[in-house]
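Here is how the chains run, residue by residue.
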Amino acid sequence: MAGEMVGCKDENSLPHSFGSRPWLFVMHGSKKKTCTFYDPINNSMEERILPEFLQGKACLGCYGEWILLSDELTRECFFLNTISFSKIYIPPPPDSPDFIDASVSISSPPDTSNCVVVLICASKTFLLVFSLGTTGWNMVPINYLNNNMSSLRCASVIHNERLFIMTSMDETLAIDFASLAKGRMEMTVINRLRLCPSSYSWFNYLVKCAGDLFSIALHSYGRGHWITHVEVRRLELPSKECNEMHWRRVQDIGDHAFFLAGKYGGSLPANLALGAQCNCIYFPLNCSDGMRLYKFCLDDQILNYTFLPENDGGLDRLLWAFPTNIMQTVEEDSLNSSGVAGSEETDSTIIGKDDENKMVISRRWDELQIDLLELLLPRLSLVDCLQFASVCKEWSYASSSVQKGKVWPWLMHLPNLKYGSCKFFDPFYCKEYTLKSDALDAQDHLALRFSKGGWVVITEGNHRVFILNPFTAQVINLPSLDNYIFNGISFMSLPASPDFVVYGFFFQMYGEYVVISSWRPGEEEWVSHEFRSSSPFFPSSNNPVLFQGEFYCLGRKGELGVFNPEMESWNVLCKPEPVHLAVPWYGDEYCHLLELNGELISVFREDDIKKPIHLFKLNQSEMVWKKVEHLGDMTLFVDRRNSIAISPLEKKYVNRIYIPKFEGNRDSKKVIFYSMEDNRYHPCVQTHTVEEPVKCVWMEPNLHLHN
């Protein structure tokens, strides 16, 4: 009978500390007789044999300590209390394989009289609704989906007496829950989200937190499900400024932490979710290199992850368990921001961490001879040179002292917008610096698109494009765009050069044509030309490379497309032959192109740091790719869009490829590099935390002022 409660507690079925903090768990249904529990705080796993009455069951959804289970063979359906092990039976949903992977929204605990269960299936244009105390499920059609050629996503939540569901058109349906329980459909449509530019696929979640509703989009890159960006938006209610409900991007979630898994998400105050960090989002994801448990910090915009043991049940079956004693402590008050305030330093100030002992010298610094200073300068790092020039007036005369220092690429990345700053990581000395800049005090999301000679192309939102030298604070504003859709962007030479021109490349998704837009100083808008490709060309995410006066674009198969700016012509070369026979799925590999000692080099690497990196050199006489086994005295720096080659002064850094990932934590992290000497990554990170900024680019510091 529906609603019947049965007690059947088995203490041995749960880990000892289960119930004291959030846990991940998966029930394997008919595949295994066990339940797998993951402790994300201790990064441990426990496998427990299920009581016989739970074997063969799949978990459909949860509410607090209650989980909704269904038997894959008999279709028996019931709620189980994970603390008391009591059961409440409900009628099984319709016998259809479509509902096996459906999502479930539950209005209240099933031991209350007003509990309503809603079943959402992505392939259907209706909802199935069951109210406890009734005898069966009701089908409620959603006519809006048929009229707008849209379908349901599985992201759903019940909030403020409405059922919110995401659609395939990235709209949000807000359905009056009282009408739904009575078999009617009273609905408001919230306009689609304006997602981050250059997003290829994403996972959507809806999360209730402290009286507000949030939408979280996890942007992924390729079939490997490598996360490249995380967007958080809060639902705004109608007001004088806007008379409709709408989503607004936010920079933090205050003192809470979000927990996402499968089709569901939840939130807790971080101080109650023992071991969790506030203003962070935790989620597991099946990637090509295994099951990753991610933590995304909204403050510094950094992803880090550890590897979890393999999960046979699949990602969709993973759920978070939130114990009752924690959930009851959560109060529904307004969200208070707990973001860390930005530093008080003035603009363009470098703040470093340096614990070295300082030598006390009794003589005056300005008494040192300039010739001796000139010998010292080449041995100093960039930051040391900046401090060197500010010691005294005489030292600043040491013939362009800053430019005589050793300069190599630093990894630039953008933390939270509210700080108006960027961070730099020195890969050789493993030091991090913060640079404040008015140009980065933005109202909309910023993205780093390209760097060359110390200048960085940055977009704000979907429209604004500007070029910044972060060390001189010089800004060049480019004409606004209707929508930033460039696959790649580059420029002919550095600003202030007579031939300085910016080029943006947009490739049509089927590879049939390319639109190339250009801007010259003094022009008020972009000038665009469309070119048809001689054969389908599917570009990599790497920016075009200026080589011998032409821009070369690398395709995902390893083919080359060439744009001649003087002739205004575009051509897909017949040679070299592609590295891959078929077009890889976008994001299966990171493909890089760069110039190295007057030659074109292509680099193919996967996000999986257990896989090798493959390098090729273009033999221009034969127009073929030749395998490269050694970089000699050169070092490469590659990120998703940019590639830089240098010859370090210190030999211990040569023959390496640096990537934008770190091993360790924020206090003692080391950049990860691939050694061409032994063909593997260093340091070994299989058992450690990997950290990766989501908005980053390698750039070479440049302190020359350009007029």
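Residues numbered from 1 in each chain as written. Predicted model: local features only at pLDDT ≥ 70, side-chain atom pairs only at ≥ 80, totals over all residues. Heavy atoms only, no water.

As recorded by an unreviewed UniProt entry, the protein chain carries the name F-box protein family-like and is attributed to Rhynchospora pubera.

1. Notes on the overall build of the protein chain
Across its full length, the protein chain carries 6 helices and 53 strands. A total of 707 residues make up the protein chain; the buried ones form 56% of that total. Long-range pairs, those at least 24 residues apart, make up 51% of the contacts in the protein chain with a sequence separation of at least 6. By element, 50% of the accessible surface of the protein chain is carried by carbon and sulfur atoms, the whole surface being about 31,000 Å². (Helix = DSSP H or I, 4+ residues; strand = E, 2+ residues; numbered from the N terminus. Buried < 20%, exposed > 50% of the residue type's maximum accessible area, 1.4 Å probe, protein only. Contact = heavy atoms within 4.5 Å. Areas by Shrake-Rupley, 256 points an atom, 1.4 Å probe, with all protein chains shown as cover.)

2. Describing the sheet that holds strand β33 (residues 464–469)
In spatial order, the strands read β31-β32-β33-β34; together these 4 strands make up an open sheet with antiparallel pairing. Looking at strand neighbours, the two that pair on one side only are β31 (446–452) and β34 (474–478), the edges of this open sheet. When strand polarity is set aside, the average angle formed by the axes of neighbouring strands in this sheet is 25°. With 5 bridges joining them, β33 and β34 adopt antiparallel strand pairing. Bridging from a neighbouring strand, L468 pairs with V475 of β34. (Pairing = 2+ DSSP bridges. Axes fitted to C-alpha atoms, helices over the stretch in contact; angles between N-to-C directions.)

3. What to know about the pattern of salt bridges
Taken as a whole and assessed by the stated rule, the structure comprises 20 salt bridges. Between R184 and E186 there is a salt bridge; the shortest N-O distance is 3.4 Å. R184 gets classed as partly exposed once you look at its relative accessible area, which sits at 41%. Assessed through its relative accessible area of 40%, E186 is described here as partly exposed. Here the residues in one salt-bridge network are E231, R233, R249 and D444, joined through shared partners. (Salt bridge = Lys/Arg side-chain N within 4 Å of Asp/Glu carboxyl O.)

4. Quick notes on the packing of aromatic side chains
Considering all chains together, one arrives at 38 aromatic pairs under this definition. Arranged with centres 5.4 Å apart and planes meeting at 45°, the rings of Y658 and F673 form a pair that is tilted. Residue Y658 is located in strand β49 (residues 656–663), and its partner F673 is located in strand β50 (residues 670–675); the two are separated by 15 residues in the primary sequence. Here the two residues Y658 and F673 agree in accessibility, since each one is buried. The rings of W408, F428, Y429, F637, Y653, Y658, F673 and W698 are connected pair by pair, giving a single aromatic cluster. Directly above the aromatic system of Y305 lies the positively charged group of R292, at a separation of 4.1 Å from the ring centroid. (Phe/Tyr/Trp six-rings, centres within 6.5 Å; stacked < 30°, edge-to-face > 60°. Lys NZ or Arg CZ within 6 Å of the ring centre and 35° of its normal.)

5. Brief notes about the sheet that holds strand β46 (residues 624–628)
Spatial ordering of the open sheet is given by β43-β44-β45-β46, a layout of 4 strands whose pairing is antiparallel. The sheet is open, and its two edges are formed by β43 (590–596) and β46, each paired on a single side. The average angle at which neighbouring strand axes cross in this sheet is 30°, direction not considered. Pairing of β43 with strand β44 (residues 599–605) involves 7 bridges; the strand directions are antiparallel. Note that in β44 the partner of Y590 across the bridge is R605.

6. A closer look at the nonpolar core
Of all hydrophobic cores here, the largest spans 46 residues; its most connected members are I216, V232, I281, F283, L615 and I657. Beyond its immediate sequence surroundings of up to four residues, V232 is in contact with F214, S215, I216, R248, R249, V250, I253, I281 and L298. Listed in part, the 37 residues of the second largest apolar core include I67, L68, F85 and I90. (Core = buried A, V, L, I, M, F, W, Y, C linked by side-chain atoms within 4.5 Å.)

7. Let's talk about the pairing of β43
Among the 7 residues that make up β43, 6 are buried, leaving the element largely enclosed by the rest of the structure. Between β43 and β44, which follow one another and run antiparallel, lie 2 residues, and N597 among them has a positive phi close to 50°.

8. Let's talk about the pairing of strand β7 (residues 77–81)
In terms of residue burial, β7 counts as a mostly covered element, since 5 of its 5 residues are buried. Of the two faces of β7, the one holding C77, F79 and N81 and the one holding F78 and L80 are both buried throughout. Inspection of the sheet shows strand β6 (residues 66–71) paired to β7 by 5 bridges, in the antiparallel sense. Note that in β7 the partner of I67 across the bridge is L80. Alignment of β7 against strand β8 (residues 86–90), held across 4 bridges, turns out to be antiparallel. Note on β8: the bridge partner recorded for F79 is I88.

9. Some details on unusual backbone geometry
A negative phi angle characterises most non-glycine residues, just as the trans form characterises most peptide bonds. In the segment running from K575 into P576, the intervening peptide bond is cis, with an omega of 5°. When you line up the elements, P576 lands in the loop between β42 (569–572) and β43. In this structure, P683 follows H682 across a cis peptide bond, with omega equal to -15°. Here P683 lies in the loop between β51 (680–682) and β52 (690–693). With a phi close to 55°, C430 is a non-glycine residue in the positive phi region. Its place among the elements puts C430 in the loop between β29 (421–426) and β30 (431–436). Relative accessible area serves as the criterion here: at 35%, C430 is assigned to the partly exposed category. Look at Q548: it is not a glycine, yet its phi comes out positive at around 55°. Take Q548: it is sitting in the loop between β39 (545–547) and β40 (550–554).

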